[in-house]
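# A look at the structure
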Amino acid sequence: MSDTDVLTAKNDTEKEVANDLYQALVNKRPLKVTEYEKKSYRVQHAFTELKKEPLGGYKVSLTSEQTQRMFNSDSPFYGAETASAWLENDASLQLSDLMDPLLEVEMVFTAKENLLPSDSLAELLDKVSVSAGVELPDSRFKDWFPSLPKYLVVADGAVGGRVVYTKATGREVSVDDLANVACTLTLNGKELGSGKSSEVLGNPLNSLQWLVKKILLSNSVCRV
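Notes on the structure follow.

Calculation rules
Residues numbered from 1 in each chain as written. Predicted model: local features only at pLDDT ≥ 70, side-chain atom pairs only at ≥ 80, totals over all residues. Heavy atoms only, no water. Phe/Tyr/Trp six-rings, centres within 6.5 Å; stacked < 30°, edge-to-face > 60°. Helix = DSSP H or I, 4+ residues; strand = E, 2+ residues; numbered from the N terminus. Buried < 20%, exposed > 50% of the residue type's maximum accessible area, 1.4 Å probe, protein only. Lys NZ or Arg CZ within 6 Å of the ring centre and 35° of its normal.

### Focus on the packing of aromatic side chains
Describing an aromatic ring pair means giving the distance of the ring centres and the angle of the ring planes. If you walk through the whole model with that rule in mind, you get 5 aromatic pairs. Residues Tyr41 and Tyr78 carry aromatic rings whose centres are separated by 4.4 Å and whose planes lie at 20° to one another, so their mutual orientation is stacked. A residue pair is termed long-range when its members are at least 10 positions apart, and Tyr41 in helix α2 (residues 35-50) and Tyr78 in strand β2 (residues 77-82) qualify at 37 residues. The same class applies to Tyr41 as to Tyr78, namely buried. On the basis of an interplanar angle of 70° and a centroid distance of 5.6 Å, the ring pair of Trp144 and Phe145 is categorised as edge-to-face. For Trp144, a relative accessible area of 3% corresponds to the buried category. By the ring-pair criterion, three or more aromatic residues cluster together here, those being Tyr41, Tyr58 and Tyr78. When the ring centre of Phe47 is taken as origin, the NZ or CZ atom of Lys51, which lies over that ring, is 4.5 Å away.

As structure tokens, then:
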């Protein structure tokens, strides 16, 4: 996709939204907000194409009640992450490569075989390896956290930045184990925060299951 193609697609989307608003005005038929989530994902896909890189995987944002309240949402969002966003353990990262990053502790799933919307949590766990990770979410919008409108969060790749992840654990873990991982984040010996993996939709595997269903049922390719 060339820059001209993306600009044309952007202009077409703007015209489409303006026409929708006008038709609602004329016909007195209110618009469904959820329909504009689809338009935001189309902008995200065009943004990803402009990076001209292989897809490295996906991130899922707004997986806790707290972050959903912040962005006035009742569900998570996903964002495509290109290959350069994924860094292996002990990688060096220049913060100057980012714009306004935060830092979050994550659980990373790497698919070993095809993931299906019909998979149970146990079946998904059998099909993936599990790693610890640290994400640096970032946005192309100034002063984005915590006030960026949710559809701009989607359009901006779910505010993707970088993910640093460890090698997959060799331990055998259960579905329940993944809901009971505790973490404390420190800097120079000072505790910054702590939490449990159950804050992620009750179990991080629920986040993975949501992602697989969201992508595959919308006829996209799922690479985690």
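Next, the rest of the story.
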